[in-house]
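Here's the letter readout for the chains.
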Amino acid sequence: QVQLVESGGGLVQPGGSLGLSCAASGSGFTTMGWFRQAPGKEREFVAVIGWRGLLTDYADSVKGRFTISRDNAKNTVYLQMSSLKSEDTAVYYCAAGSDYYGRRYDYWGQGTQVSVSS
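In this convention, every chain numbers its residues from 1, walking through the sequence in written order. Thresholds applied to this predicted model are a pLDDT of at least 70 for local features of residues and 80 or more for the giving and counting of side-chain atom pairs; totals over whole chains, interfaces and linings are not thresholded and use all residues. Each side-chain value is worked out from all heavy atoms of the structure, with water and hydrogens disregarded.

Participant: Help me understand the overall build of the chain in this model?
Facilitator: The way it works is that DSSP assigns letters per residue, a run of H or I at least four long becomes a helix, a run of E at least two long becomes a strand, and they are numbered from the N terminus. On a plain count of helices and strands, the chain comes out with zero helices and eleven strands. Its helices and strands in sequence order give the chain the pattern β-β-β-β-β-β-β-β-β-β-β, from N to C terminus. Structurally, the chain occupies a C-alpha span of about 40 × 25 × 25 Å along its principal axes. Classification of residues uses two cut-offs on accessible area relative to the type maximum, computed with a 1.4 Å probe and protein chains only: under 20% is buried, over 50% is exposed, and between them is partly exposed. A total of 118 residues make up the chain; the buried ones form 42% of that total. The contact criterion used throughout is that any non-hydrogen atoms of two residues lie within 4.5 Å. Long-range contacts, defined here as pairs at least 24 residues apart, represent 55% of the contacts in the chain between residues at least 6 apart. The distance from the centre of the 11 positive side-chain charges to the centre of the 10 negative ones in the chain is 3 Å. Charge counting treats Lys and Arg as positive and Asp and Glu as negative, with His and both chain ends excluded. Charge positions come from single atoms, namely NZ of Lys, CZ of Arg, CG of Asp or CD of Glu.

Participant: What is the right way to read the pairing of strand β3 (residues 18-25) from this model?
Facilitator: On β3, burial follows the alternation: Leu18, Leu20, Cys22 and Ala24 on one face are buried, whereas Gly19, Ser21, Ala23 and Ser25 on the facing-out side are not. Bridge count between strand β1 (residues 3-7) and β3: five bridges; the pairing is antiparallel. In the strand pairing of β3, Leu4 is matched with Ala24. Two strands pair if DSSP finds at least two bridges between them. Sheet topology note: the β3/strand β8 (residues 76-81) ladder contains six bridges and is antiparallel. Opposite Ser21, over in β8, you have Tyr78 as the bridge partner.

Participant: How should I be thinking about the pairing of strand β9 (residues 90-97) in this particular structure?
Facilitator: Every regular strand shows the same layout, with side chains that alternate between the two sheet faces. Judged by how many residues are buried, β9 sits mostly within the fold: seven of eight residues are covered. Judged from the seven bridges that link them, strand β4 (residues 31-37) and β9 form a sheet pairing that is antiparallel. Within the sheet, the bridge partner assigned to Phe35 lies in β9 and is Tyr93. Judged from the three bridges that link them, β9 and strand β11 (residues 112-116) form a sheet pairing that is antiparallel. Opposite Ala90, over in β11, you have Val114 as the bridge partner.

Participant: Looking at this model, I keep getting lost on the state of the cysteines. Mind explaining?
Facilitator: Throughout, a disulfide means two cysteine sulfur atoms within 2.5 Å of one another. Following the criterion strictly, the structure yields one disulfide and no others. A sulfur-sulfur separation of 2.1 Å characterises the disulfide bridge that pairs Cys22 with Cys94. The chirality of the disulfide connecting Cys22 with Cys94 is left-handed, given an S-S dihedral of about -80°. With Cys22 in strand β3 and Cys94 in strand β9, this pair connects stretches of sequence that are 72 residues apart. We classify Cys22 as buried; its relative accessible area is 0%.

Participant: Explain the packing of aromatic side chains to me, please; I cannot follow it from the model alone.
Facilitator: Any two of the Phe, Tyr and Trp rings considered here, Trp counted by its six-membered ring, make a pair once their centres fall within 6.5 Å; the pair's planes then place it as stacked at under 30 degrees, edge-to-face at over 60, or tilted in between. Inspection of the entire model under this criterion finds five aromatic pairs. In this scheme, Lys NZ or Arg CZ marks a charge over a ring once it lies within 6 Å of the ring centre and within 35 degrees of the ring normal. Cation over ring: Arg43 sits above Tyr93, and NZ or CZ is 4.0 Å from the ring centre. A cation sits over an aromatic face here: Arg43 above Trp108, 4.6 Å from the ring centre.

Participant: Before we go on, may I ask you to explain the environment of Met32 in this structure?
Facilitator: On the secondary structure map, Met32 appears in strand β4. Sequence-wise, Met32 and Arg104 are 72 residues apart; in three dimensions their C-alpha atoms are separated by 10.0 Å.

Here's what the structure looks like:
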């Protein structure tokens, strides 16, 4: 059984930076991703990273501002967010799967709140 636990959310001012972490336990996954869901909106893709960290992809809305990375020795994926905007406010979810190109995820974390406000 795979469990994903996000941490690092909080309140940050517009233009600020924040880092999220997702610690995974268990095995059977290679791809890890981040998604977010704002109030009243559907969950949307943010970023994805392949097993070796060589393959990454981002939503257009976060390209150049967010960076996804992973440390397989720690079974942890990170999301470094900078130049944050109010529209980045959402609950951020970590996900894990085994199909990078198919973007299918089998496991999800419980989410961590990110609020961008002055």
